[in-house]
Amino acid sequence: MARKRSKNEIDWTDDEEEIIWVSKSEIKRDSEHLKKIGAELIELTPQNLEKIPLDDTLKEAIRQAQSFKMEARRRQIQFIGKLLRNQDPNPIQEALDKVKNRHNQQQALLHKLELVRDQLIAMGDPSLDNLLNEYPHLDRQHLRNLIRGAIKEREANKPAKNYREIYQYLKAEIAE
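Heads up: these notes are all about the structure in this document. Just so we're clear, the structure is a prediction, and the values are computed from it rather than from any experiment.

## Regarding the overall build of the protein chain
Logical step 1: For the protein chain, the helix and strand inventory stands at eight helices and zero strands.
Logical step 2: Mapped in sequence order, the helices and strands of the protein chain form the string α-α-α-α-α-α-α-α.
Logical step 3: Pairs at least 24 apart in sequence give 57% of the contacts found in the protein chain among residues at least 6 apart.
Logical step 4: Carbon and sulfur atoms make up 50% of the accessible area of the protein chain, which amounts to about 13,200 Å² in all.

Here it is in structure tokens:
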């Protein structure tokens, strides 16, 4: 004899709709990820924030969060995470990665300049010739004077004024 179903009972054998179960832990992980994206957005400068594809309410929430401190900022980050749930976070994450990568590239270039400066002081003219082959617009005489001054400062245990000046000159001429 077949069993009668009550009104509240669900027919699990129905193949028409596929039910996707999402665990509570997965929902929490997703919301935490969106809050982290929101926190990263808050740390951006206004120029970099303009490069991120955001709607007006989200931009306003981020601007407000940048002026908040402590607990108010934490609550605002939660609110930003909630606003991000209504949007596709992939384009926002991609734009954030591009902005961060540009920062990473800038940092790598500055570290390279520090290494070039150290090579110039350690190896002298051969290293300077290699640098001038790569960047012919640099002033050879000015760099040689700075290198000689940095070597003399190191030998006399004086403050490294020329050492810093070499870096500033390379940064101004190469990085910008």
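Next comes the rest of the account.
## A word on the nonpolar core
Logical step 1: Leu41, Ile52, Leu54, Leu58, Ile62, Ile80 and Ile92 are the most contacted members of the largest nonpolar core, which totals 20 residues.
Logical step 2: For this core, the elements supplying multiple residues, two or more each, are helix 1 (24-42), helix 3 (56-67), helix 4 (70-84) and helix 5 (89-123).
Logical step 3: Among residues more than four places away in sequence, those in contact with Ile62 are Leu41, Ile42, Leu49, Leu54 and Ile80.
Logical step 4: Counting residues in each nonpolar core, the second largest holds 19 residues, with Leu113, Ala150, Leu170 and Ile174 among its members.

## Some remarks on the side chain of Gln76
Logical step 1: Position of Gln76 relative to the elements: it lies in helix 4.
Logical step 2: Taking relative accessible area as the criterion, Gln76 reaches 9% and is therefore assigned buried.
Logical step 3: Side-chain polar atoms of Gln76 contact the side chain of Gln64, separated by 3.5 Å.

## Things to note about unusual backbone geometry
Logical step 1: Within the chain, Met70 stands out as a residue other than glycine whose phi angle is a positive 50 degrees.
Logical step 2: Mapping Met70 onto the fold places it in helix 4.
Logical step 3: One non-glycine residue with positive phi stands out, namely Asn157, at about 55 degrees.
Logical step 4: Relative to the helices and strands, Asn157 resides in the loop between helix 7 (140-155) and helix 8 (161-175).

## Structural notes on helix 8
Logical step 1: With 15 residues, helix 8 extends 20 Å from end C-alpha to end C-alpha; this agrees with the ideal 21 Å at 1.5 Å per step.
Logical step 2: Along helix 8, the residues classified as buried are Asn162, Ile166, Tyr167, Tyr169, Leu170 and Ile174. Considered in projection along helix 8, the buried side chains sweep an arc of 165 degrees and stay on one side of the axis.
Logical step 3: Elements in contact with the buried residues of helix 8: helix 5, helix 6 (125-134) and helix 7.

## Some remarks on the packing of aromatic side chains
Logical step 1: The final tally for this structure, using the stated rule, is zero aromatic pairs.
Logical step 2: For Arg117, the ring lying beneath its charged end belongs to Tyr163, and the centroid distance is 3.8 Å.

## Focus on the packing of helix 7 against helix 8
Logical step 1: Packing of helix 7 against helix 8 brings their axes to within 7 Å, and their N-to-C directions diverge by 150 degrees. Here helix 7 lies roughly antiparallel to helix 8, going by the angle between them. By crossing handedness, the relation of helix 7 to helix 8 is classed as left-handed. Residues His142, Leu143, Leu146, Ile147, Gly149, Ala150, Glu153 and Arg154 of helix 7 form the contact with helix 8, whose own contacting residues are Lys161, Asn162, Tyr163, Glu165, Ile166, Tyr169 and Leu170.

## Some words on a nonpolar patch on the surface
Logical step 1: Taken together, Ile20, Val22 and Ile27 make up a surface patch of nonpolar side chains, about 300 Å² in accessible area.
Logical step 2: A residue is classified by how much of its surface remains accessible, and Ile20, at 67% relative accessible area, is exposed.

## Let's talk about the pattern of salt bridges
Logical step 1: Across all of its chains, the model carries nine salt bridges by this definition.
Logical step 2: Here Glu32 ties to Lys35 by a salt bridge, and the two come within 3.0 Å at their closest N and O atoms. On the criterion of helical spacing, the pair formed by Glu32 and Lys35 is a turn pair, its members being three residues apart in helix 1.
Logical step 3: On the basis of relative accessibility, which here comes to 21%, the residue Lys35 falls in the partly exposed class.
Logical step 4: Its salt-bridge partner being Lys59, residue Glu50 comes within 3.9 Å of it at the nearest N-O pair.
Logical step 5: Look at Glu50 and you get partly exposed, because its relative accessible area is 48%.
Logical step 6: Several salt bridges converge on common partners, so that one network encompasses Glu50, Lys59 and Arg63.

Definitions and cut-offs
Going along each chain's sequence as written, the residues are numbered from 1 onward. Thresholds applied to this predicted model are a pLDDT of at least 70 for local features of residues and 80 or more for the giving and counting of side-chain atom pairs; totals over whole chains, interfaces and linings are not thresholded and use all residues. As a convention, hydrogens and water are excluded, and side-chain values are obtained from all of the structure's heavy atoms. A run of H or I in DSSP counts as a helix once it spans at least four residues, and a run of E counts as a strand once it spans at least two, with each numbered from the N terminus. The contact criterion used is simple: two residues touch if any of their non-hydrogen atoms lie within 4.5 Å. In this description, accessible areas are obtained by the Shrake-Rupley approach with a 1.4 Å probe, and a residue is regarded as covered only by the protein chains that are shown. In these notes, a set of buried Ala, Val, Leu, Ile, Met, Phe, Trp, Tyr and Cys residues joined through side-chain atoms within 4.5 Å is what counts as a nonpolar core. Only protein chains enter the accessibility calculation, which uses a 1.4 Å probe; a residue whose area is less than 20% of its type maximum is buried, one above 50% is exposed, and one in between is partly exposed. Pairs of N or O atoms are called polar contacts if they sit within 3.5 Å, as long as, within protein, a hydrogen donor faces a hydrogen acceptor (for residues adjacent in sequence, only side-chain-to-side-chain pairs). For a helix, the expected span equals 1.5 Å multiplied by the residue count minus one. Here the arc refers to the set of directions running from the helix axis out to each C-beta atom. Pairing of aromatic rings covers Phe, Tyr and Trp, the last counted by its six-membered ring, and requires centre-to-centre distances within 6.5 Å; plane angles under 30 degrees mean stacked, over 60 mean edge-to-face, and any other angle means tilted. Think of it as a cone above the ring: NZ of Lys or CZ of Arg counts as a charge over the ring if it is within 6 Å of the ring centre and within 35 degrees of the ring normal. For helices, the fitted axis covers only the stretch in contact; all axes are lines through C-alpha atoms, and the angles between them, taken along N-to-C directions, range from 0 to 180 degrees. In what follows, roughly perpendicular refers to angles from 65 to 115 degrees, roughly parallel to angles under 35, roughly antiparallel to angles over 145, and oblique to any angle outside these ranges. What makes a crossing left-handed is the near helix being turned counterclockwise from the far one by less than a right angle; a clockwise turn instead makes it right-handed. Each patch is built from residues that are more than 30% exposed by relative accessible area and take part in no salt bridge. Like charges join if they lie within 9 Å; nonpolar side chains (Val, Leu, Ile, Met, Phe, Trp, Tyr) join within 5 Å. Every case where a carboxyl oxygen of Asp or Glu lies within 4 Å of a side-chain nitrogen of Lys or Arg is listed as a salt bridge.

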